[in-house]
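Structural features, examined
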Amino acid sequence: MWLMSQLTADHKNIAEFRRLNSKAFQKDCTQPTGFLREASLTGGEAPVVAIDGLRFKANASKASLMNAKQLAKAQERTAKRVAEYRAQLDKADREGTHDPDAAQIRKAPEWLKTRAAALEKAKAELDAGKTRVGLTDPDCVMLVKNGTAVVGYNLQQAVDAQHKLIVAYEVSTKHNDHASLQPMTTQAKDALRAESLTVVCDTGYANGTQSEVCKKRNITPVVPQPEAPNTRHAEGYTKAQFNYDKPTDTWRCPAGALLTLFKRDHAKRMDYYHTKACATCAQKAQCTQAKQRTIARSWHAEATERAGARTKADPKLMRLRSATAEHPFGNLKAILEGGFLLRTLP
């Protein structure tokens with residue numbers, strides 16, 4: 001029927017079909033991965049996968065993602081426009097005019113009523129704890145990186161290094177890649193049905209807790225260790241200039257003083273170290289502007305350090321990551337130049 005009448009589905013039909021069949025679409029997307037694995041185009045005896053993330057624009061504008069202050073202003077504008085339209089309707093009724101625009105004027109309050117209801121619903125979500133609410137796409141978030149903001153989603157992908165083919169993906173609302181290492185590596189390992197897996201990522205994926213989970217699942221993460229900044233003195237000694245001694249659980253500062261444990265934070269799973277020598281230290285001005293220097297160490301720091309050491313032991317792996325993970329994103333940007341065409345998560 002459609003072919004004979006040359007009918008085509010519009011955007012609304014396609015979007016609704018996708019919404020009603022989202023689980024089936026997700027299942028279908030895994031079938032090509034199985035075919036590639038059976039054809040020996042992915043995986044192999046020692047598979048290597050590169051993982052990367054990209055902020056991808058949603059089908060929504062920045063103005064549609066509002067915080068409490070912006071929402072209050074929008075409600076005020078809507079109420080003002082409702083009052084203006086009602087005044088125009090009253091004037092038209094009194095004068096008995098039949099302006100061509102009168103029909104449009106009578107329809108406008110219905111649209112404003114719908115708008116007011118949407119704003120009221122958004123206000124309820126903000127009152128429930130959300131910091132921002134999307135009116136066009138309720139699932140999208142504001143993603144900020146290097147001073148630029150994008151209303152969209154965090155698109156994660158795992159790419160097999162053998163033929164640069166995507167084996168796993170995830171669209172999420174996470175604001176960075178820090179918590180994506182373990183979920184993406186597990187998904188990639190399951191997709192390849194591999195007994196072991198080597199995964200290369202950039203610094204954003206450095207996560208000691210998740211690196212330990214990967215090790216238990218026979219996944220070897222290769223992730224550069226980020227350099228911890230000196231938050232109290234931008235030009236002072238960095239944490240990398242302090243040496244940690246595991247047997248004594250102490251740190252040695254550049255001036256030679258010993259920093260010992262003084263606090264354990266079970267919520268953050270962090271240990272904190274300091275020394276009383278800061279008070280009389282001749283190099284204090286080069287180290288900190290605070291009363292004394294404090295060094296923090298995660299309970300999972302060793303896993304982060306092991307993942308970082310692998311990047312130094314084999315620098316080729318990081319070049320392989322760039323050549324493997326970034327190319328598919330370049331194609332996606334070219335194909336979907338304006339961002340995602342559909343709205344909301346499945």
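Residues numbered from 1 in each chain as written. Predicted model: local features only at pLDDT ≥ 70, side-chain atom pairs only at ≥ 80, totals over all residues. Heavy atoms only, no water.

1. Quick look at the overall build of the chain
Counting its secondary structure elements, the chain contains 9 helices and 13 strands. Computed over its C-alpha atoms, the radius of gyration of the chain comes to 28 Å, more than 25% above the 20 Å expected for a compact globule of 346 residues. Partitioning the contacts of the chain with sequence separation of at least 6, the portion at a separation of at least 24 is 65%. When the accessible surface of the chain is split by element, carbon and sulfur atoms take 54% of a total near 21,700 Å². (Helix = DSSP H or I, 4+ residues; strand = E, 2+ residues; numbered from the N terminus. Rg over C-alpha atoms; globule rule 2.2 N^0.38 Å. Contact = heavy atoms within 4.5 Å. Areas by Shrake-Rupley, 256 points an atom, 1.4 Å probe, with all protein chains shown as cover.)

2. Section: the packing of aromatic side chains
On inspection of all chains with the given rule, the structure shows 6 aromatic pairs. When the ring of Phe17 is compared with that of Phe25, the centres are 5.9 Å apart and the planes differ by 85 degrees; the resulting orientation is edge-to-face. Of the residues examined, Phe25 reaches a relative accessible area of 36% and is grouped as partly exposed. Measuring from centroid to centroid gives 6.4 Å for Tyr244 and Tyr273, while their planes differ by 75 degrees, and the two rings are edge-to-face. On the criterion of sequence distance, the pair formed by Tyr244 in strand β9 (residues 243-245) and Tyr273 in strand β12 (residues 270-274) is long-range, its members being 29 residues apart. On the accessibility criterion, Tyr244 (26% relative accessible area) is partly exposed. Tyr273 gets classed as buried once you look at its relative accessible area, which sits at 1%. By way of ring pairs, the aromatic residues Phe56, Tyr153 and Phe340 are connected into one cluster. The ring of Tyr272 has Lys263 lying over it, and the distance from NZ or CZ to the ring centre is 5.2 Å. (Phe/Tyr/Trp six-rings, centres within 6.5 Å; stacked < 30°, edge-to-face > 60°. Buried < 20%, exposed > 50% of the residue type's maximum accessible area, 1.4 Å probe, protein only. Lys NZ or Arg CZ within 6 Å of the ring centre and 35° of its normal.)

3. Looking at the environment of Lys291
With respect to the element layout, Lys291 can be found in the loop between β12 and β13 (295-298). With a relative accessible area of 76%, Lys291 lands in the exposed category.

4. Thoughts on unusual backbone geometry
For Lys164, which is not a glycine, the phi torsion comes out positive at approximately 60 degrees. Tracing the sequence through the fold places Lys164 in the loop between β5 (148-160) and β6 (165-172).

5. Quick notes on the side chain of Thr311
As for its placement among the helices and strands, Thr311 is situated in helix α8 (residues 301-313). Relative accessible area serves as the criterion here: at 11%, Thr311 is assigned to the buried category. Of the polar contacts made by the side chain of Thr311, one reaches the backbone oxygen of Gly308; its length is 2.5 Å. Residue contacts for Thr311: discarding those within four places in its chain leaves Val222, Val223, Pro224 and Met318. (Polar contact = N/O pair within 3.5 Å; in protein donor to acceptor, adjacent residues only side chain to side chain.)

6. Side note on the nonpolar core
Core analysis: the largest hydrophobic core is formed by 19 residues, its most contacted members being Val49, Ile51, Ala158, Ala188, Leu197 and Cys201. Those elements giving two or more residues to this core turn out to be β1 (48-57), β6, α6 (181-192) and β7 (197-200). Grouped together as the second largest cluster of nonpolar side chains are 12 residues, Phe56, Ala58, Ala60 and Cys140 included. (Core = buried A, V, L, I, M, F, W, Y, C linked by side-chain atoms within 4.5 Å.)

7. What to know about the packing of α6 against helix α7 (residues 208-216)
Two elements in contact, α6 and α7, have axes whose closest approach is 9 Å; the angle formed by their N-to-C orientations is 20 degrees. Judged on the interaxial angle alone, α7 and α6 are roughly parallel. Considering only the axes of α6 and α7, their crossing is right-handed. For the pair α6 and α7, contact is made by Leu181, Gln182, Pro183 and Thr185 and by Gln210, Ser211, Val213 and Cys214, respectively. Of the residues assigned to the contact of α6 with α7, the class counts are 4 nonpolar, 4 polar and no charged. (Axes fitted to C-alpha atoms, helices over the stretch in contact; angles between N-to-C directions. Parallel < 35°, antiparallel > 145°, perpendicular 65-115°, else oblique. Left-handed = near helix turned anticlockwise from the far one by under 90°. Nonpolar A, V, L, I, M, F, W, Y, C, P; charged D, E, K, R; others polar.)

8. Focus: the pattern of salt bridges
Under the defined criterion, the tally for this structure stands at 8 salt bridges. Ionic pairing is found between Glu305 and Arg297, a salt bridge with its closest N-O pair at 2.9 Å. Residues joined by salt bridges that share partners form a network here, namely Asp52, Arg321 and Glu326. (Salt bridge = Lys/Arg side-chain N within 4 Å of Asp/Glu carboxyl O.)

9. Side note on α8
With 13 residues, α8 should cover 18 Å at 1.5 Å per step; its first-to-last C-alpha distance of 18 Å lies within 8% of that length. If you check which residues of α8 are buried, you get Ala301, Ala303, Thr304, Ala307, Gly308 and Thr311. At its buried positions, α8 is contacted by α7, β8 (219-222), β13 and α9 (316-335). (Expected span 1.5 Å × (residues − 1).)

10. Digging into the sheet that holds β13
Ordered by their spatial adjacency, 5 strands build an open sheet running β9-β10-β11-β12-β13, and the pairing between neighbours is antiparallel. Every interior strand has two partners, whereas the edge strands, β9 and β13, have only one. Strand after strand, the sheet turns through a mean of 35 degrees between neighbouring axes, direction not considered. Judged from the 5 bridges that link them, strand β11 (residues 258-265) and β12 form a sheet pairing that is antiparallel. Residue pairing for β12: Thr260 is matched across the bridge by His274. (Pairing = 2+ DSSP bridges.)

11. Side note on the pairing of β7
Here β1 pairs with β7 via 3 bridges, running parallel. Pairing of Ala50 across the sheet is with Val200, part of β7. Bridge count between β7 and β8: 4 bridges; the pairing is parallel. What sits directly across from Val199, in β8, is Pro221. With α7 bridging β7 and its parallel neighbour β8, the resulting β-α-β unit is right-handed. (Right-handed = clockwise from strand over helix to strand, strands pointing away.)

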